[in-house]
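Remarks on the overall topology
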Amino acid sequence: MPIDFSLTDEQKELQKLARRFAKEQIAPIAAEYDAKEEVPWPVVEKLHEVGLLNAIIPEAYGGLGLGMLEEVIIGEELAWGCMGIYTIPMASDLGITPVLLAGSHEQKQRFFKKLTEKPALAAFALSEPGNGSDAAALRTRAVRDGDYYVLNGTKTWISNGGEAEWVVVFATVNPELRHKGVVALVVEKGTPGFKAHKLHGKMGQRASGTYELVFEDCRVPVENRLGQEGEGFRIAMNTLDKTRIPVAAGSLGVARRALEEATRYAKERQAFGRPIADFQAIQFKLAEMLMGLETARAYTYYAAWLTDTGQPQAHAAAIAKAYASEIAFEAANQAIQIHGGYGYMREYPVEKLLRDVKLNQIYEGTNEIQRLIIARHILNQ
Amino acid sequence: MILVVLEHDGQRLRKSALEAIGRARQLEALGPLAGVVIGENTQAVAQEASQYLPTVYVAEVGGYTAEKWAEAAYAAVQKSGAQVVIASGGRQGRTWTARLAYRMKAGLLEDTLETRAEGNHIVATRYSFLNRVTERQRAALPVVLTAKPNTTPPAEPQGSGGVEVLNVALPTGVEVLERLSEQKKGVSLTEATIVVTGGRGLGSPEAFAKVEELASVLGAAVGATRAVVDAGWRPYSEQVGQTGKTVQPNAYIALAVSGAVQHQAGMNKSKYIVAVNKDAEAPIFKIADYGIVGDVHQVLPALIEAAKKLKD
Amino acid sequence: MKFLAVIRQVPDGESRLKIEGGRVDLSGATLILDQMDEWAVEEVIRLQEKHGGESVVVALGPERAEEALRTALAMGIDRAVHLVAEGYLDPITQAEALAEVIRAEAPTLVFTGGQQADWDSQALGPALAEALGWPVVSWTTQIELESETQAKALHDLDEGAERVRVALPAVFTSQQGLNEPRYPTLPGIMKAKRKELKKLPLSAASKAEVLEQTIQERTRLNKLIDGKDPVSAAHELVRLLHEEAKVI
């Protein structure tokens, strides 16, 4: 009997902790920070306090060395409270992952220390104004000058970009080399020539800070380079293959929240003298929501298991990310429909679910890109 | 023999004591009744008690500690040979009765709504699971039981009895340094027939003056929600709910209270529940008999006026 | 010094209760460390942080109560003892069994919850104190150790509160306001796995039995008045309370 879906006692405990944290610390303030479009730093501090922040850093470097399945379990819970707020620790893990994959022992010690000794975040900067999904076409230039690289260019849509202690920036030493010219550099907060501008007016996930990063003759020491020149593109792609799974986990949280809110409302709301939950039209919607949630969770756990057991998982991460975000979007949509007019109002939490989860279909590779990855997996076999 | 431990204020028996006597009379099949008055200034109270009970013991032990009360009650048990002890189920009552029950190796029936004798057993009805479940418990004699306030009609005087003084060796261990009695105007929360409770929705501690005013017009006790006491607007002793007090008045008037499960645990058995809240979807309305959907700052002054007019 | 907390596992107040065959069925409920016991655990950890020594948590309950013990360990308690017993046991019988374990542990003090969120009992703390021959302070909102044999505490009475000096060892029960419990941390959860959890089987006969449990929800009248005109709404409400309900 090689398949086993049970969680260990420890995993159950951390699920309980994350669930309680989301319920008590995140859900009550989510609407407020959504309205203010502000990062809830006190929540970041509390996440650090209980050990839920940057927990994928290995124990040897002062972290907890959580595996992907643990990350997924926690991600679902935190995103249940607020997808936008979950994006903060998630995007920090996205910044940590390239260092984990390609950093030297010395680099890991140096960079991870900054993230474990106090509440602090990392970030990952790949997208540029002129290239979103076409990652190899980046224009940010890194020119070698003695023991430094001189960075020039602009990155955009960078989660945590302004708060982060350090950002992994992908730049090219020669645009003509396309992906073979990419280098990954860790740029620390406060480095001269590095500025972060917060982007305002987001539709959803407004509690996470999204930034445009501008580099003007920004000098980055060579010892901050991850791997070799030309390896940057592979590092970025390998990173995203992993971190798409937590995006799927976040979508699970949103889908579950949508189902819970819709179920509660359907049992309470009366129409024609009965709770609307008595009507098949509503029951079918709830059933669809659970079908989506359960299948997406099972598959996301599978993708996490492939990752934790060191098997090829790029296609599985892509399937999980695209599928979970789509069922979650649909769940949020139907939750609004079940709420009727109330669902369209800020007073109820369901419209926010839809605004938030829309981004899950876009960031860390649009769902169209995920389909390309999946198709390539089919055709290359 | 059934022993009733009588609560008093140093001058008179409390209503809860008369209720406890009422409870004891319902169990008369199990034997004759006796009472015990414990505390300070017990003499006059013992005289009053003797109008209700054939035998009254009195133990002048000074101010309350659980140890003293348990010791004095145990002395009365030994003297009377009582197999059943009945006390009122406040915080103090439910503390020292547990000590006493352990000493008597008795079954303990806590916070009972109703009790009846069944052979040499007592069957009691009580609430459990934060007041959400009603259960029947049975224990063989000897039994110590506490009666929930406002569940038994107060007893009427009946005959007259003798008073007997008990000498009790005072236990040490707890020394009272200071009593922080909130000068409670009016009625005690657990004994009140009407409770007026204010919630966080009042907006400020000052707004509570209006809650007090309505309470005083109605002869009601003032209650508060957890959010209100956590914010420091009102003392913890006024809190109604899971971690505060459980009340069961004839009318529970909840002003700007949303009605979380934890709050409901303290008031959901009230005879009538009345709510004023601007949010028509607030959970409190689901358990309310009467309600006004409206702004408490406008409704409350109007309620005070309307209640005054009624009382005039 | 040694500080000891006695805890129970209970259903979350918000989880739905079902009745099966005249008994509460907890199979679908979320079970948690009793909130009032959580305050007791937090206080014991704080006492240990301040005064050093050891912290121990003890539970009497079914197998599943181990989860609540693990939570206490993850919050920071050093080790756990589990008296394993299924089904209802009255507080006097519980106290008798627990006293045996606690006497052997010989702690400086014991803390437990003011009221149990399942059986709605407030008796365990004081019954335990009686079994041990120690003083009890119930509904404690503040505690301060003056020495190994003496503490000062503030606790609630029926009305108001009082400050007391207590000879140790003693039993304290918790009240809201005592502290703000910490979360079990992720590192704490991982460490908890390696902490000692001793199991002791218990068979004892309860002095009281539960005959039947039911959920009786009163049907409420649900008469709601629109408060747009506050004066007439208030008059109507007062009239209903006076004439219909006859409560004022």
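Quick notes on the rules
- Residues numbered from 1 in each chain as written.
- Chains lettered and ligands numbered in written order.
- Predicted model: local features only at pLDDT ≥ 70, side-chain atom pairs only at ≥ 80, totals over all residues.
- Helix = DSSP H or I, 4+ residues; strand = E, 2+ residues; numbered from the N terminus.
- Buried ≥ 20, exposed ≤ 12 C-beta atoms within 10 Å, placed from the backbone.
- Contact = placed C-beta atoms within 7 Å.
- Rg over C-alpha atoms; globule rule 2.2 N^0.38 Å.
- Domains from an automatic or database assignment.
- Nonpolar A, V, L, I, M, F, W, Y, C, P; charged D, E, K, R; others polar.
- Pairing = 2+ DSSP bridges.
- Core = buried A, V, L, I, M, F, W, Y, C linked by C-beta atoms within 7 Å.
- Axes fitted to C-alpha atoms, helices over the stretch in contact; angles between N-to-C directions.

Let us look at the overall build of chain A. On a plain count of helices and strands, chain A comes out with 10 helices and 10 strands. For the C-alpha atoms alone, the extent of chain A along its principal axes is close to 80 × 50 × 40 Å. By the burial criterion, 53% of the 381 residues in chain A qualify as buried. Put simply, of all contacts in chain A between residues at least 6 apart along the chain, 76% involve residues at least 24 apart.

Secondary structure summary: chain B contains 8 helices and 15 strands in total. On C-alpha atoms alone, chain B measures out to a radius of gyration of 21 Å, which is about the 20 Å that the 2.2 N^0.38 rule sets for 312 residues. For chain B, the spread of C-alpha atoms along the principal axes amounts to about 60 × 40 × 40 Å. Counting only residues that meet the buried cut, chain B has 60% of its 312 residues in that class. A sequence separation of at least 24 residues applies to 63% of the contacts in chain B between residues at least 6 apart.

Here we come to the domain arrangement of chain B. All names here are of chain B. When cut into domains, chain B gives domain 1 (2-165) and domain 2 (194-311). Facing the 5 residues of domain 1 at the interface are 7 residues of domain 2. Of the residues assigned to the side of domain 1 that touches domain 2, the class counts are 2 nonpolar, 2 polar and 1 charged.

Taken together, the 74 residues of chain C in the interface contact 73 residues of chain B. For the side of chain C that touches chain B, the elements supplying multiple residues, two or more each, are α3 (91-105), α4 (124-132), β9 (136-147), β11 (161-167), β14 (208-214), β15 (223-226) and α6 (230-244) of chain C. Looking at the side of chain C that touches chain B, the element that brings in the most residues is α6 of chain C, giving 10 residues. In the sheet, strand β15 (residues 290-293) of chain B pairs with β15 of chain C via 4 bridges, with the strands oriented parallel. Residue pairing in the sheet places Ile292 of chain B in a bridge with Ile225 of chain C of β15 of chain C.

On to the nonpolar core, then. Nonpolar side chains in soluble globular proteins tend to be buried together. Counting residues in hydrophobic clusters, the biggest one holds 256 residues, and the most contacted among them are Ala332 of chain A together with Ala72 and Leu128 of chain C. No other element matches the 17 residues that helix α8 (residues 314-339) of chain A contributes to this core. Leave out the neighbours within four places in its chain, and Ala332 of chain A touches Val254, Ala258, Val350, Leu353, Leu354 and Val357 of chain A. With 59 residues, the next largest nonpolar core counts Phe208, Trp233, Leu255 and Leu300 of chain B among its residues.

What follows deals with the arrangement of the chains. Between all 2 pairs of chains that are in contact, chains B and C come out with the most contacts. Across the gap from chain A to chain B, with no contact made, the nearest C-alpha atoms are 9 Å apart.

Now for the pairing of strand β4 (residues 166-172) of chain A. Residue and element names in this part refer to chain A. Across the 7 residues that make up β4, a large majority, 7, are buried. With burial as the criterion, each face of β4 is covered, one bearing Trp166, Val168, Phe170 and Thr172 and the other bearing Val167, Val169 and Ala171. Here 4 bridges tie strand β1 (residues 122-125) to β4, and the two strands are oriented parallel to one another. The partner of Phe124 across the bridge, within β4, is Val168.

Residues and elements named next belong to chain A. Note on placement: Glu261 falls in helix α6 (residues 232-268). A residue is classified by how many C-beta atoms lie within 10 Å of it, and Glu261, with 21 of them, is buried. Counting along the chain gives 71 residues from Glu261 to Ala332, while the straight-line C-alpha distance between them is 9.6 Å. Setting aside residues up to four positions removed in sequence, Glu261 forms contacts with Ala335, Pro349 and Val350.

Spatial ordering of the open sheet is given by β12(B)-β11(B)-β13(B)-β14(B)-β15(B)-β15(C), a layout of 6 strands whose pairing is parallel. Edge positions in the sheet fall to β12 (221-224) of chain B together with β15 of chain C, since each has one partner strand and no second. For this sheet the average axis-to-axis angle between neighbouring strands, irrespective of direction, equals 20°. Pairing of strand β11 (residues 194-198) of chain B with β12 of chain B, which is carried by 4 bridges, proceeds in the parallel orientation. The partner of Gly198 of chain B across the bridge, within β12 of chain B, is Ala224 of chain B. Contacts from helix α5 (residues 208-218) of chain B reach β11, β12 and β13 (251-255) of chain B, with the element oriented near 175° to β11 of chain B.

Strands sit in the order β9(B)-β3(B)-β2(B)-β1(B)-β4(B)-β8(B)-β5(B)-β6(B)-β7(B)-β14(C) across an open sheet of 10 strands; the sheet is mixed. Edge positions in the sheet fall to β9 (162-165) of chain B together with β14 of chain C, since each of these pairs with one other strand and no more. Neighbour to neighbour, the strand axes of the sheet diverge by 30° on average, direction disregarded. Two strands pair when backbone bridges link them, and strand β7 (residues 133-140) of chain B and β14 of chain C are joined in this way by 6 bridges, in the antiparallel orientation. Opposite Ala139 of chain B, over in β14 of chain C, you have Ala208 of chain C as the bridge partner. Against the sheet, helix α1 (residues 15-26) of chain B engages β1 (2-6), β2 (33-39), β4 (84-88), β5 (107-118) and β8 (143-147) of chain B, with an angle of about 150° to β4 of chain B. Its contacts with the sheet put helix α4 (residues 91-104) of chain B on β4, β5 and β8 of chain B, and the angle it makes with β8 of chain B is roughly 170°.

Another point: the interface of chain C and chain A. In this complex, chain C contributes 10 residues to the contact, which on the side of chain A involves 10 residues. Mapped onto the side of chain C that touches chain A, the elements with two or more residues apiece are α2 (66-75) and α5 (186-192) of chain C. Sorting elements by how many residues they give to the side of chain C that touches chain A places α5 of chain C first, with 4 residues. For the side of chain C that touches chain A, the per-class residue count stands at 7 nonpolar, 1 polar and 2 charged.

A separate point is the environment of Leu151 of chain A. Residue and element names in this part refer to chain A. Structurally, Leu151 can be placed in strand β3 (residues 148-159). Residue class for Leu151 comes out buried when judged on the 26 C-beta atoms lying within 10 Å of it. Along the chain, Leu151 and Ile373 lie 222 residues apart, while their C-alpha atoms are 30 Å from each other. When neighbours within four sequence positions are excluded, Leu151 is seen to be in contact with Thr140, Ala142, Val169, Ala171, Leu185, Phe215, Cys218 and Val220.

Another point: the pairing of strand β5 (residues 182-188) of chain A. Residues and elements named next belong to chain A. Most of β5 sits out of view: 6 of its 7 residues are buried. Judged from the 7 bridges that link them, β4 and β5 form a sheet pairing that is antiparallel. Residue Trp166 lies in a different strand from β5, and its bridge partner there is Glu188. Two strands pair when backbone bridges link them, and β5 and strand β8 (residues 225-226) are joined in this way by 2 bridges, in the antiparallel orientation. Bridge assignment links Leu185 to a residue of β8, and that residue is Arg225.

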